[in-house]
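# Reading the structure
Listed here are the chains, written in short residue letters.
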Amino acid sequence: MELPPGKIVGGIEARPYEFPWQVSVRRKSSDSHFCGGSIINDHWVVCAAHCMQGESPNVVSLVVGEHNRSAASTVRPTHDVNSIFDKVNYDPRTLENDVSVIKTAIAITLDINVGPICAPDPAYDYVYRKSQCSGWGTINSGGICCPAVLRYAPLNVTYNEFCDEKYTSESIYDDMICATDNTGMTDRDSCQGDSGGPLSVNDGSGIFSLVGIVSWGIGCASGYPGVYSRVGFHAGWITDIITNN
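Residues numbered from 1 in each chain as written. Predicted model: local features only at pLDDT ≥ 70, side-chain atom pairs only at ≥ 80, totals over all residues. Heavy atoms only, no water.

Taking an unreviewed UniProt entry as the reference, the protein chain is identified by name as Fibrinolytic enzyme belonging to Metaphire posthuma.

## Observations regarding the overall build of the protein chain
Counting its secondary structure elements, the protein chain contains three helices and 13 strands. Over its C-alpha atoms the protein chain spans a radius of gyration of 16 Å, differing by no more than 12% from the 18 Å that the globule rule assigns to 245 residues. Each of the three principal axes of the protein chain carries a C-alpha extent, and together these read 45 × 40 × 40 Å. The proportion of buried residues among the 245 residues of the protein chain is 54%. Within the protein chain, contacts between residues separated by at least 24 positions form 72% of all contacts whose residues are at least 6 apart in sequence. With the model as given, the accessible surface of the protein chain reaches about 10,100 Å², and the carbon-plus-sulfur share is 49%. Looking at charge distribution, the protein chain has the averaged site of its 16 positive side-chain charges lying 6 Å from that of its 27 negative ones. (Helix = DSSP H or I, 4+ residues; strand = E, 2+ residues; numbered from the N terminus. Rg over C-alpha atoms; globule rule 2.2 N^0.38 Å. Buried < 20%, exposed > 50% of the residue type's maximum accessible area, 1.4 Å probe, protein only. Contact = heavy atoms within 4.5 Å. Areas by Shrake-Rupley, 256 points an atom, 1.4 Å probe, with all protein chains shown as cover. Lys, Arg positive; Asp, Glu negative; His and termini not counted. Charge placed at Lys NZ, Arg CZ, Asp CG, Glu CD.)

## Notes on the nonpolar core
Taken as a class, soluble globular proteins show a tendency for nonpolar side chains to be buried jointly. Counting 36 residues, the largest nonpolar core has V25, I39, M52, L62 and I102 as the members making the most contacts within it. Setting aside anything within four residues of it in sequence, one finds L62 in contact with V23, S24, V25, V45, P77, T78, H79, V81, I102 and T104. Core analysis: the second largest hydrophobic core is formed by eleven residues, L199, V201, V211 and Y228 among them. (Core = buried A, V, L, I, M, F, W, Y, C linked by side-chain atoms within 4.5 Å.)

Now the structure itself:
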């Protein structure tokens, strides 16, 4: 099983602040991007547990309002981390429960360029819905991380049974959701450096919901669906962590 630390393969360069919930998760020592994340309110970011394993609040920072990592910006606030909560039954072997929530030390200032993404409907499976995965991950499997400008890839949510058929040596669990390019799974995908970032769905009126968190896959755009942690499945746990912390 190959974990995507991730860039977007076959993607499109995003417009500035097109995905205002997008977060760059970085290590303070080098200011280096290593995972993505999504703002869900002014103190909390959702990420993947496999990104945050072994990390502590004092070594991680969250950059919001980022677009071009190599350009000067008056937006791009950097936030220290107060606490990190990985789901306790996260399994690094199967990637079940691959979800983490991160609390910022001070509130994120929300505006037109920096804002939260909506929660998904836990009762809806989103199968056949058009979606988009965004991030600064590599543009090909095993490529050098990471591109300067945020990219995104249009994808289609597929049903778990199809995904399970493709992954003959791994299992797709109920807490996972899969998405593909619908053209043989060799054109578009999340990749190394995109991990922890958002798979989002537009409801048609411009409201985006976070349906998945970039989790794992075999290669990138290599004939297999991308596998994401299903946010609706974990919504109750996420709410409990936020409410009690």
